[in-house]
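Fold and geometry: a report
Spelled out, the chains give:
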Amino acid sequence: MKIFNTLLESIYQNKLVSSASIVRILEKDSEENLNAIFKYADKIKKLQLGEDIILRGIIEIGNVCDNGCFYCGLRKENKLIERYRLTEREIMKSAEEIKAAGINTVILQSGEEKYFNYKKISSIIKKIKNKHDITITLSLGEAGYDILKEWRECGADRYFLKIETTKKELFERIKPGKKLQKRLKCIDNLFRLGYEVGSGNIVGLPGQTIKDLAEDLIYFREKEFDMISISPLIIHPNTPFINVKKTNYRMSLKVLALARIITKNSNIPATTALETLDGNLRKKALKSGANVVMISFTPLKYKSKYEIYPDRCGGDKSAEYSIRKIAGIIKMK
Ligand code: SAH
């Protein structure tokens, strides 16, 4: 156990962050080792960021998508969901509610539309910024340099674009028609334009190895992302992943804890995907390195239609309910 803690310590101290040393930790699966990783990550979180848990408000502004990502229920081939786009008025109302709840970041997320009206997003960014003193994060998928530049000039502060996996062959298999190189370039453009950038991966993709996860973590550290989101794969029945084996949540939590140890002070959410997989996992994540919770302020009538995966936790509940639930979890700590 002492040797194991020394390994964690050396990863934190930056002395020994090779992919092989991360693999050595991720391979460990005994209760004792798992607890040691989680405890150490919690210690680093408190040391770097204190006890605070940050709430962020997310508005899922539309579920129309032209992509065919194998993991995601919004993929264009899924004809079983009803598609929606929020109006500017609906988005402004949700932003108002976020501000009223005392939350200082609004995340605008949607499917990826090839020919969507990017001027509409520009107008919304300006309107929100004019009305509220609030940080705007965009999570709208890949976009070209000029569009990203325009949104930045309109006032967008952050951009959240998960790499999903840094393994080229896997990335291009699960995102048909997409190139890893292009996504990496998009992330680099975001940095160039002065965005604070968030990224992350999915744990449990078919064919993904522990070494792939270690390479993801090394990439997160190199880029010094503002936020890193680690989610377990949740199987959606209307996708090609219908027969994939259910994810072992322990691996997702280990990757999350290591992301904390390796990146030191990045913001790491306790994702809804974790909570969907197992009701206690959000609490566990908040005790193992996570420091952010995202609350959906999407109008209730649309919420369940944003079905990236089924039975999304809180998908039929109000933002107020979710905040109360989180408050309860924090008190239990
Ligand atoms: N269209 C945007 C936003 C996608 S939804 C984009 O591509 O960036 C946000 C995140 O949800 C994705 O980046 C992905 O990591 C996650 N996600 C989607 N489907 C999932 C699933 N079935 N299981 C786990 N995470 C999923």
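Computed from a predicted model, the values in this text were never measured in an experiment.

1. Focus on the sheet that holds strand S6 (residues 227–232)
The parallel open sheet is built from seven strands, whose spatial order is S6-S5-S4-S3-S2-S1-S7. Two strands in the sheet have a free side with no partner beyond their single neighbour: S6 and strand S7 (292–296). The mean inter-strand angle of the sheet, taken between neighbouring strand axes irrespective of direction, is 25°. Against the sheet, helix H5 (residues 118–131) engages strand S1 (54–62), strand S2 (105–110) and strand S3 (135–139), with an angle of about 160° to S3.

2. Describing the environment of Ser318
Along the chain, Ser318 falls in the loop between helix H13 (300–303) and helix H14 (319–332). Sequence spacing of Ser318 and Ser296 is 22 residues, and the spatial spacing of their C-alpha atoms is 8.0 Å. Excluding its chain neighbours within four sequence positions, the residues that come into contact with Ser318 are Leu300 and Lys303.

3. Thoughts on the pairing of S2
Burial analysis of S2 places six of its six residues in the buried class, which makes it a mostly covered element. The alternating pattern of S2 places Thr105, Ile107 and Gln109 on one face and Val106, Leu108 and Ser110 on the opposite face, and all of these are buried. When S1 meets S2, the two strands line up parallel, connected through five bridges. Residue pairing in the sheet places Ile59 in a bridge with Leu108 of S2. Between the parallel elements S1 and S2, the chain passes through helix H4 (residues 88–100) in a crossover that is right-handed.

4. Looking at the site of the ligand
In the vicinity of the ligand, 19 residues are found, and the nearest of them are Tyr71, Ser110, Lys162, Glu164 and Ile234. Tyr71 places a polar main-chain atom, nitrogen or oxygen, 2.8 Å from a nitrogen atom of the ligand. Note that a nitrogen atom of the ligand is positioned 2.9 Å from one of the backbone N or O atoms of Ser110. Here the ligand has 550 Å² of accessible area as a free molecule, and 93% of this is covered by the chains. For the shell around the ligand, the elements supplying multiple residues, two or more each, are S2 and S6. Of the residues assigned to the shell around the ligand, the class counts are 10 nonpolar, five polar and four charged.

About the cut-offs
Residues numbered from 1 in each chain as written. Predicted model: local features only at pLDDT ≥ 70, side-chain atom pairs only at ≥ 80, totals over all residues. Heavy atoms only, no water. Pairing = 2+ DSSP bridges. Helix = DSSP H or I, 4+ residues; strand = E, 2+ residues; numbered from the N terminus. Axes fitted to C-alpha atoms, helices over the stretch in contact; angles between N-to-C directions. Contact = heavy atoms within 4.5 Å. Buried < 20%, exposed > 50% of the residue type's maximum accessible area, 1.4 Å probe, protein only. Right-handed = clockwise from strand over helix to strand, strands pointing away. Near = heavy atom within 4 Å. Polar contact = N/O pair within 3.5 Å; in protein donor to acceptor, adjacent residues only side chain to side chain. Areas by Shrake-Rupley, 256 points an atom, 1.4 Å probe, with all protein chains shown as cover. Nonpolar A, V, L, I, M, F, W, Y, C, P; charged D, E, K, R; others polar.

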